[in-house]
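Results of the structural survey
Below are the chains, spelled out letter by letter.
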Amino acid sequence: MLWLALLLPLSTPLLLTTLNRSAAMTLTPLLLYSVGLMLLAAAWVGASDGWLGLFVGWHALALLWSPTVEAFETVEILALSALGLAAVRRLPADRRETARWLLIGLGIFQVLYGALQLAGYDVLWWGIARVRPVDGVPGTLGNRGYYGLYLAMLAPLAPGLLLPLFAAGVLGSQSFLAVLALAGGVGWRYRADVRPVAWAAAAGAALAALAVWRGPAWPAGLAARLDIWGYALAHMHGWDWMIGHGPGAWSALVPAAQIAAGAAVGETFFHAHNEWVQALFEGGAVALVLLGGWLWRHRAGFAGPYGGAWVALLIGSLGHFGFRMAITGGTALVLIGLGRPQSEGDRP
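This section reports on the structure supplied with the text. (Residues numbered from 1 in each chain as written. Predicted model: local features only at pLDDT ≥ 70, side-chain atom pairs only at ≥ 80, totals over all residues. Heavy atoms only, no water.)

1. Here's the deal with the overall build of the protein
The cut-off we apply is this: Secondary structure elements are defined from DSSP: runs of H or I of at least 4 residues count as helices, runs of E of at least 2 residues count as strands, and each element is numbered from the N terminus. Partly exposed describes any residue whose relative accessible area lies between the buried limit of under 20% and the exposed limit of over 50%, with all areas from a 1.4 Å probe on protein chains only and scaled to the type maximum. Computed with a 1.4 Å probe, the accessible areas rest on the Shrake-Rupley method; for each residue, only the protein chains presented here act as cover.
Within the protein, the regular secondary structure consists of 16 helices and 0 strands. Considering the protein as a whole, with its 348 residues, one finds that 43% of them fall into the buried category. Of the accessible surface of the protein, which amounts to about 17,200 Å², a share of 72% is contributed by carbon and sulfur atoms.

2. Brief notes about the environment of G319
The condition that has to hold: Here, residues are in contact when the closest pair of their heavy atoms is within 4.5 Å.
With respect to the secondary-structure elements, G319 resides in the loop between α15 (307-317) and α16 (326-338). Relative accessible area serves as the criterion here: at 8%, G319 is assigned to the buried category. In the structure, G319 is positioned 94 residues away from R225 in sequence and 7.9 Å away in space, judged by C-alpha atoms. Once residues lying within four places of it in the same chain are set aside, the contact partners of G319 are L177, R225, H273 and N274.

3. Some details on helix α3 (residues 50-62)
We apply this condition: By this rule, a helix spans an expected 1.5 Å times one less than how many residues it contains.
When the terminal C-alpha atoms of α3 are compared, their 18 Å separation across 13 residues agrees well with the 18 Å that a helix rising 1.5 Å per residue should span. Along its buried surface, α3 packs onto α2 (21-46), α4 (69-88), α12 (240-243) and α14 (275-297).

4. As for the packing of aromatic side chains
Operational definition: Here is the rule: rings of Phe, Tyr and Trp (six-membered ring for Trp) pair when centre to centre is within 6.5 Å. Planes less than 30 degrees apart are stacked, more than 60 are edge-to-face, and the remainder are tilted. We call a charge positioned over a ring when the NZ of a Lys or the CZ of an Arg lies within 6 Å of the ring centre and within 35 degrees of the ring normal.
As enumerated under the stated definition, the model contains 6 aromatic pairs in all. Ring centres 6.1 Å apart and planes at 80° place the aromatic pair Y146 and F321 in the edge-to-face group. With Y146 in helix α7 (residues 144-154) and F321 in the loop between α15 and α16, this pair connects stretches of sequence that are 175 residues apart. For the pair formed by Y146 and F321, the shared burial category is buried. Consider the rings of W294 and W310, whose centres lie 6.1 Å apart with planes at 35°: the pair is tilted. Here W310 lies in helix α15 and W294 lies in helix α14, a separation of 16 residues in the sequence. Across from the ring centre of W188, 4.2 Å away, lies the NZ or CZ of R191, which sits over that ring. Directly above the aromatic system of W296 lies the positively charged group of R299, at a separation of 4.0 Å from the ring centroid.

5. Overview of a nonpolar patch on the surface
The cut-off we apply is this: Surface patches are drawn from residues lacking salt bridges whose relative accessible area is over 30%; two like charges belong together within 9 Å, two nonpolar side chains (Val, Leu, Ile, Met, Phe, Trp, Tyr) within 5 Å. In the sections that follow, a salt bridge refers to a side-chain nitrogen of Lys or Arg positioned within 4 Å of a carboxyl oxygen of Asp or Glu.
Side chains of L106, F109, L116, Y121, V123, L124, W125, W126 and I128 sit close together on the surface and give an oily, nonpolar patch of about 990 Å² of accessible area. At the level of elements, α5 (93-118) and α6 (123-126) are the ones that each hand at least two residues to the nonpolar patch. Mapped onto the elements, Y121 comes out in the loop between α5 and α6.

6. Let's talk about the side chain of R96
Where we set the bar: Within 3.5 Å is the distance limit for a polar contact, defined as a pair of N or O atoms, with the added protein rule that one can donate a hydrogen and the other accept it, and that residues adjacent in sequence qualify only through two side-chain atoms.
With respect to the element layout, R96 can be found in helix α5. For R96, a relative accessible area of 9% translates into the label buried. Of note is the side chain of R96, whose polar atom sits 2.9 Å from the backbone oxygen of L91.

Printed below as a string of structure tokens:
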């Protein structure tokens, strides 16, 4: 903060935001002040989690060459989320156990509410009037994909007796990705107790049943994702591969380009439906290296009691954008924070 106070009065001649000198006189210091504060947050987080601090700091620096509204919104949420994650990590052991049961309890509520929706009732939205039963259960999350992944990430935390309940909820979402995340997360949790072949057969049976239930819709969804990933990566050139197009650039650039291209592109994607592809598009190879470093640094968490939830999150990140949604992203950060091994403490 001291360095910011000393440097900002000298920044008024810099044309970082606009070529209009009278406007730059106020806008440039405001940009540098915003970036400086986010770097301060990144440094504070980095004191206990160096890779996460670098990840936030990299995106904060990117505001200097891509100071768009979407970029500011993205980095602001990223920095505040990192602070939230650091706060969760400071919960004592007894509070962590309470938090786990609260999460399990809300998951059970979502499954029961989803069963009510399948029966034709949605009391929080429509009162006691009977409505048409849904094809894919959304719960209170508003979307069957969000709902399925939400339950899939919580299921590995639940006692074994409750797993059939969570599995029924995930199947009710009719989401292939959620079924895969559930199978991966629960399979990882019981990897020492259940033969991999038996678990793979159970997961395959669930996917086959879902394929019959969903009909011909699911291959089209997969094809659309593959198309948009190829479409976006084909529009990366030169330095884009190293530093990306800037935070929030996907939602600012890709949908507009799709709409301009017309029907040949297909479904409009405001998110990549793949956290890694979107991270590459927005933050370049630097962002992927920092994410990979973070995963390697915290790999011990996969062997802990939250390892199954982490595996489910990792699978979900390959076909969805859960970390960019408030409900699923906030829950994911809590699961990551709770799952950090206590032995790591708060050291860099």
